[in-house]
Every structure is written in structure tokens, then in C-alpha cells.
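# Survey of secondary and tertiary structure
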There are 2 protein chains.
Amino acid sequence: MVDMVYKDVLQTLEQGEACVVLTLIKENAKKGSRVAGKRFLSCSGTRVAMDACIHALSVTPFDQANDQVNGVGDPEVDPLFAQEAVTLVEASLRSGRVASKRVSLEGEAARLLAEPFYPPDELVILGGGHVSQALVPVAVILGYRVTVVDDRPAFAAPERFPGAAKVICDDFVRAIEGLHLQPSCAVAIITRGHRHDLRCLEALVGRQLGYLGMIGSRRRVQLIKEHLRSSGVSEEKIERVQMPIGLPIGAQTPEEIAVSIAAQLIQARRGEGGSAGITVQDMELLRTLVDSAKRGIPAVLATVVEARGSTPRKAGAKLLVFRDGQMRGTIGGGCIEAEARREALLLLDGGAAGLFRFSLDDDAAAEEGMACGGTMEVLLELVATV
Amino acid sequence: MVDMVYKDVLQTLEQGEACVVLTLIKENAKKGSRVAGKRFLSCSGTRVAMDACIHALSVTPFDQANDQVNGVGDPEVDPLFAQEAVTLVEASLRSGRVASKRVSLEGEAARLLAEPFYPPDELVILGGGHVSQALVPVAVILGYRVTVVDDRPAFAAPERFPGAAKVICDDFVRAIEGLHLQPSCAVAIITRGHRHDLRCLEALVGRQLGYLGMIGSRRRVQLIKEHLRSSGVSEEKIERVQMPIGLPIGAQTPEEIAVSIAAQLIQARRGEGGSAGITVQDMELLRTLVDSAKRGIPAVLATVVEARGSTPRKAGAKLLVFRDGQMRGTIGGGCIEAEARREALLLLDGGAAGLFRFSLDDDAAAEEGMACGGTMEVLLELVATV
């Protein structure tokens, strides 16, 4: 069940589309909370149609797949419940974070979780020189899907960019036109010369992008700003371009410039209105989950549902735990992770799935000297084995 | 000759010691400038003893190895010349950059270059969690020699840190004491808990280091600052610690935190009084140089001697060019590199070694639309083949 939902998630993300996973948790069940069902919901944009939501909620009754207790989610979905679900899904899509809501189901206290998934953040690097070569591996570590463009075959060689998803050899402007850039896409203009840089910038400055930066000296950047102004580009659009590209940290070598750009990409995606695509690391974790299920290897998926105070990781962070104690991903390391792992191993031995609350002020946490204070609510689910 | 000098450089760097390469160039030779000799000079600190300098200058006469013209550098070195050399070497060691000086040699105009080499920058990461795992590859890209410490065998496993030079499993404070940290060393405290973080910090806060950062929430950092104050640690020492560690760019995932730390490391090493160790990339370039020479493969080494204006790379940047046109390293990419490569290929066909001046305002540069304006002086030398 869990694995089938994430199989759909992976397929959707690979097609560049967004989606949401809905999870219903009964809170007053005898043995604490209990996962009553999990649903996949395909989305585009941050608005969700009521009927799509009702359809997702009614594919099979909640509860049925998990423990044969027939509950909500019958083909006749309570319209009030569906409306609550729609609101929750939209909130999760807007925030890019897990959203949860206490609902009442046939008199029982329950929680509905909506976890949004956006495709991996895209980074397009225009220019295939040394800075680009250093930027690709750092951007890949940060979870970006990277495309590199250069018009010289010797530089647009895939073997020069082992981590890149795509390397395009074409005229820069023609490549930009062919790429169908999404509004969340980040673009770094670092070609071999300002003439090419300027052509790229003129083709991009009017578009809605998650990030747009251009390399260049301070002097050159001033000239280019004046040129854009005189071409009638608005001050607001000019100011949105990060030029000279990269945080001003005194970077000198191509590798240092690459890190200064990477730091600025983080600032853009974590700032106001920034995107929150799934990381390459989480994609891999989900692939491992689906693959383990297919091969009949039992595992428990831990997902941070709510994090209060200064917890090391935020809602949506994931950890996969296997019976031999091996793990993938992280929900923050330290003793919270150790505790989650302990609970996961109990679950693999027949314990109860559901929500667990971990406090960083617990005795165990205090003893280890955890770096932060706060509480975390973590959903532990058994990955169904075939 | 060139390769023997850099062989000495590599050996010295691998032993963790600094050194300088002295190059004498005659400017008024018939065919433009001409390399008259190259010397290795071992150093420690930024002061150089006059007699060591005289010894280096007099090992064999300058000129002899290269073109059988006997010149300066005879066992009797002109004391005035030696004094100029000492001053130049010390200036290069202080700035961490190539220093050059016009000198007069038997009535001929000449240039003496001093190129300093410091061992790779050291980064010690205390704690072997997810942030550390993400930080190691980024720090390696930046040219750091990385040591990871954790007191748990499962976390201090070398296979978890493929790029690290050393992984130590020991109590944190004992490991710190055993490491003999240099004053230029960078240390990142990112253990699993504040108790360990604090022990590390107390062991390090009094030392002279190139960088010291500690992970933690704002709240926790305040508590720790108060604790240090009440233990009598001076405000100046407390303020020198980067805590919370990393540039404030909104980093959330371990990978993002790692990049925020890497960006701060760059800021520290490129700022006032920062260190300037050789990068892993340049170490590799020198290894390739020495190895090519050993195997009889002709190559030309290009070194930026002076960069004026906003050139993409600074003095000391290196490029190795082979007869088939293949290159290692970079002196800035674009047409300046293309021109240097052309000159290098001519040199491999019997042309003259020496200093070349490239202008980024040249016709060829303008045509390509180079990103920056300025001039670069580049030393081209044939790597002697055995």
C-alpha cells in the first residue's frame, strides 16, 4: 500500500508534475494512533479540484487495505470531509510542507495529513566552462536536476558533466527557447564571454524564474544594467537578476565561485516564494522503498509530520529503516533518529504503525546532549511487502 | 628542470611545509622575454633566511640549465640581488600570491618571480553525521584536505567519507589534542549533540585557527556564549567562533547546511589574514606535470604572473597544455586561454618560452565577448622531458 502510493509519486515526479499524498490517522485507536489509509493525489498548480480529491479519497475505502475496518472514504465521501481535505491539500501545496488537520470521523478523533511533492528543482547552466564543471556536482548534492548548455561540442560533452541530467550542444538562445523553463527553474548564465551572457540574459530577463544569475565583473554588470534599462527593461526585472552571480564571499577559483552560486541558489529557494522540489536524496530514498517492497524486503518509512522548536529537520524529512538496522535518509540524526529507529524495529516485529512524538528534552536526548530543543511528530509506516 | 622544481614542491607540500619557486626572466633577449632559470626554495613561516636564499640562487647558475648562457646566480651571488630576492620571497609568502620584481642583471632588464606554495588548507570536521557527509565532498572540491572525527565506530567509518584524507574514531577532545592543528586550520564542530559540541568548543576556543564554527540553534548558541563568558573566555575569542555555523542563507537540509558552511569557509580563507593553501586541483596538475615529464610527454606549463583589471583568474593560476591540444587546469577559460594554448603549442614546436601579455580588450577577445576587461601576464615554460 505505502509502496504503491510512492510508486505513483515517483512516476509523477519523473514526468515533472506535482502530487500530494494523503494519509488518514485514527488517533483514539486502542494502541495509540493508527494509519487508516494512504492515498495518492495528482495535482498541477496549487489549486485542487474537489472532484479529484473526492476521487482520491474514494478509490478504495480508507482502512480497508490496512486492517479490514471499513471507515470513511466510501465511494460516498462526506462532502464536508472532502472540503476539509481540499483546503488542506492546497495549503500543503502552497507551503511546500506537510500540512495536518484534526478531523472527526464517526465520532473518533483523526488526523488527515497532506504531504506535497514537487518535482526536483531544475537548474539550467548556460556555459560549459570550469565554473560549470564545479557547479554541477554541488548542485546535484543539493538535489537539483541539472541541464548544461554550450554551443561548442568540445565543451558540451556529457563526460565533462557526469552528474548532469542533460547536456545540450546548441546555440544558447535556441536552447533556452527549446527548454520550456518552469517558473520555479533556476538559471545560471556563465558562458565564456559577455556577448553570449548578454544574449542569454535578454532572452531570460522577462521570464518568471526561481532564480536568474549572471557572471561578470562589477564594471561589466553596470554596463549591462544600463544597456537593459535603455532597451526598456523595467528596474524591477533588472534588480531580480543576481549579477555578479553568487554570494559576495571573496570567491576566486572556479570551485569557490561555484559554491558562492550554490549558496545563492539555496537562499533563493528557501526565501520568500521559493520553490521546494524533492531532493535527489529523497527521490533515491523513495526508489529504494519501492524497490525493497518489490523484492519483499520489509522496511519502515519514518516521515516527520510536525516539528516544533528548533529541531534539526523539518516536516517532510524521511528515514527508511530496515530489519538489520540499516537506514536511508535522515530525520535529524542524534538520539531522535536512534529512538525512531528503535520504534521502527519494533514495528517490523509486529508493533503498531502510527504517529510518534519525540521530545528533544527527553532524558535520553539530554544525556546525549542533542543540539536543539523541541518536539517532533513522526509517522512510522510499514512498507508493504509483496 | 621545471619538472624537477615542481617535484620538490610536491614533496614539500606533502610534508605539510611551505615553499617558494623563484624564476628569473630576462626581458630584453632578442626574441622577447626568456626564462633564464628556476629554483626551489624551502620555507617555513613568512621569514626567509638570507643564506637559504643565496643557496637556492646559487645551486647551479641561472641560465645554465636552460640555454647555456652563463649569467647571474654564480656561486658568488650579488648580495644586493640576494637581498632583493629575500624581500620578494617574503612578500609572496605574506600575500600568498606570485610576487614579481624588475631587476637589473649585468645591465640587462630582468624579472624575478617568487611563487609561494602553501600546503592544502586543512579542514577538521568534528562529528560524522549527515551534515559532515555532505560537507566532505564540497570541501574536497574546494581543495581542502579533510579529517573527520567521531567517537562512534559506526559513524567514523572511512567508507562513509570517501573524499576524506583521514577518518579518526576517538573521543573528540583526545582527537583534537592529537591533531596538532596549524594556525591556518579550519574546524567545523557538528557533533550529534550540544554536550559534545561544547566540549570541542572549550578545547578549541583559545587556539589560533583559520576558522572555527559550531552548529546549533540561535537559542543554544546564546546559552553557550553565556557559559563561555562565565568561564572567563574573552569576548573577542567568543566572537571569532562562527555560531550558528554557516552563512545565514536559510539552509534546511544537511546538504544545504554543508554548502552554507563551505561558503563561510571561503569567506574566511579569502578574507583578511586568510590562508591560501594549494588546491587539490593544482596538486593534481603538478602531479600530472611531474608524471608527464617522467614519461617523456612534452607539455607546456602556463602560470599567471600578473593580472590587472577584472580578469577571471588571479596570479598563480595554472594551465598545462599537451601537444595534442589537451589541457589541465585553467587560467580563466575563454579566448585568453585559447590564445595561451596557441602560444603553448607553438612553444612545443620550438618557439620561445617566456612571459606573454594577453589583453582582454584585444580584437579576438572582443569578438568572443570575454566576460571581463583587463590584462594578464602569463609565463609559458616547456616542461623538460627526460
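Structure: see above.
So, here's what we can say about the structure. Bear in mind that the values here come from a model prediction, so they are computed numbers and not experimental data.

On to the overall build of chain A, then. Looking only at helices and strands, chain A features 13 helices and 14 strands. Each of the 386 residues in chain A was classed as buried or not, and the buried ones make up 55%. Put simply, 61% of the contacts in chain A that link residues at least 6 apart link residues at least 24 apart. With the model as given, the accessible surface of chain A reaches about 16,200 Å², and the carbon-plus-sulfur share is 49%.

Residue and element names in this part refer to chain B. Across the sheet, which stays open at both edges, the four strands sit in the order β2-β1-β4-β3 with antiparallel pairing between neighbours. Unpaired on one side and paired on the other, β2 (34-43) and β3 (99-105) mark the two borders of the sheet. With direction set aside, neighbouring strand axes in the sheet form an average angle of 20°. Pairing of β3 with strand β4 (residues 108-117) involves seven bridges; the strand directions are antiparallel. Looking at β4, one finds that R102 is bridged to R111.

Right, let's get into the environment of R39(B). You can see R39(B) is positioned in strand β2. Between the alpha carbons of R39(B) and L57(B) there is a distance of 6.7 Å; along the sequence they are 18 residues apart.

Attention now goes to the packing of aromatic side chains. Residue and element names in this part refer to chain A. Summed over the entire model, instances satisfying the criterion amount to four aromatic pairs over all chains. A ring pair is formed by Y6 and F117, whose centres lie 6.1 Å apart and whose planes are at 80°; its orientation type is edge-to-face. Here F117 lies in strand β4 (residues 108-117) and Y6 lies in helix α1 (residues 2-14), a separation of 111 residues in the sequence. Residue Y6 shares its accessibility class with F117, and that shared class is buried. The interplanar angle of 15° and the centroid separation of 6.5 Å between the aromatic rings of F356 and F358 together place this pair among those described as stacked.

All names here are of chain A. The five strands are arranged β7-β6-β5-β8-β9 in an open sheet whose pairing can be described as parallel. Because the sheet does not close on itself, it has two edges, and the strands there are β7 (166-169) and β9 (211-214). Pairs of neighbouring strands in the sheet enclose a mean axial angle of 15°, with direction left out of account. Pairing geometry for strand β6 (residues 145-150) and β7, over four bridges, is parallel. Across the sheet, residue V149 finds its bridge partner in β7, namely I168. In this fold helix α5 (residues 130-141) packs onto β5 (122-126), β6 and β8 (186-189), with an angle of close to 175° to the strand it touches most, β5. Contacting β5, β8 and β9, helix α10 (residues 254-270) runs over the sheet at an angle of about 155° to β9.

This part covers the nonpolar core. Ranked by size, the top nonpolar core spans 63 residues in total, and within it L123(A), L135(A), I261(A), L123(B), L135(B) and I261(B) carry the most contacts. With residues near it in sequence (within four places) discarded, L123(B) still touches L135(B), A139(B), Y144(B), R145(B), V146(B), T147(B), A186(B), V187(B), A188(B) and L265(B).

Residues and elements named next belong to chain B. For the structure shown, the criterion picks out zero disulfides over all chains. For C43, which is in no disulfide, the shortest distance to another cysteine sulfur is to C19 and amounts to 6.9 Å. Exposure remark for C43: the relative accessible area of 6% places this residue in the buried category.

What follows deals with the environment of V148(B). Residues and elements named next belong to chain B. Following the sequence through the fold, V148 ends up in strand β6 (residues 145-150). Residues V148 and P158 lie ten residues apart in sequence; the distance between their C-alpha atoms is 8.9 Å. Discounting residues that sit within four places of it in the chain, V148 has contacts with I125, G127, G128, V136, F161, A164, K166, V167 and I168.

As a further point, take the pattern of salt bridges. Residue and element names in this part refer to chain A. With the rule as written, the count across this model stands at 36 salt bridges over all chains. With a shortest N-O distance of 2.9 Å, K38 and E381 are connected by a salt bridge. One end of the pair, K38, is in strand β2 (residues 34-43); the other, E381, is in strand β14 (residues 374-383), with 343 residues separating them in the sequence. Relative accessible area serves as the criterion here: at 3%, K38 is assigned to the buried category. The structure contains a network of salt bridges with shared partners spanning R111, E306, R357 and E377.

About the cut-offs
- Residues numbered from 1 in each chain as written.
- Chains lettered and ligands numbered in written order.
- Predicted model: local features only at pLDDT ≥ 70, side-chain atom pairs only at ≥ 80, totals over all residues.
- Heavy atoms only, no water.
- Helix = DSSP H or I, 4+ residues; strand = E, 2+ residues; numbered from the N terminus.
- Buried < 20%, exposed > 50% of the residue type's maximum accessible area, 1.4 Å probe, protein only.
- Contact = heavy atoms within 4.5 Å.
- Areas by Shrake-Rupley, 256 points an atom, 1.4 Å probe, with all protein chains shown as cover.
- Pairing = 2+ DSSP bridges.
- Axes fitted to C-alpha atoms, helices over the stretch in contact; angles between N-to-C directions.
- Phe/Tyr/Trp six-rings, centres within 6.5 Å; stacked < 30°, edge-to-face > 60°.
- Core = buried A, V, L, I, M, F, W, Y, C linked by side-chain atoms within 4.5 Å.
- Disulfide = S-S within 2.5 Å.
- Salt bridge = Lys/Arg side-chain N within 4 Å of Asp/Glu carboxyl O.

Honestly, it's all geometry; don't read function into it.
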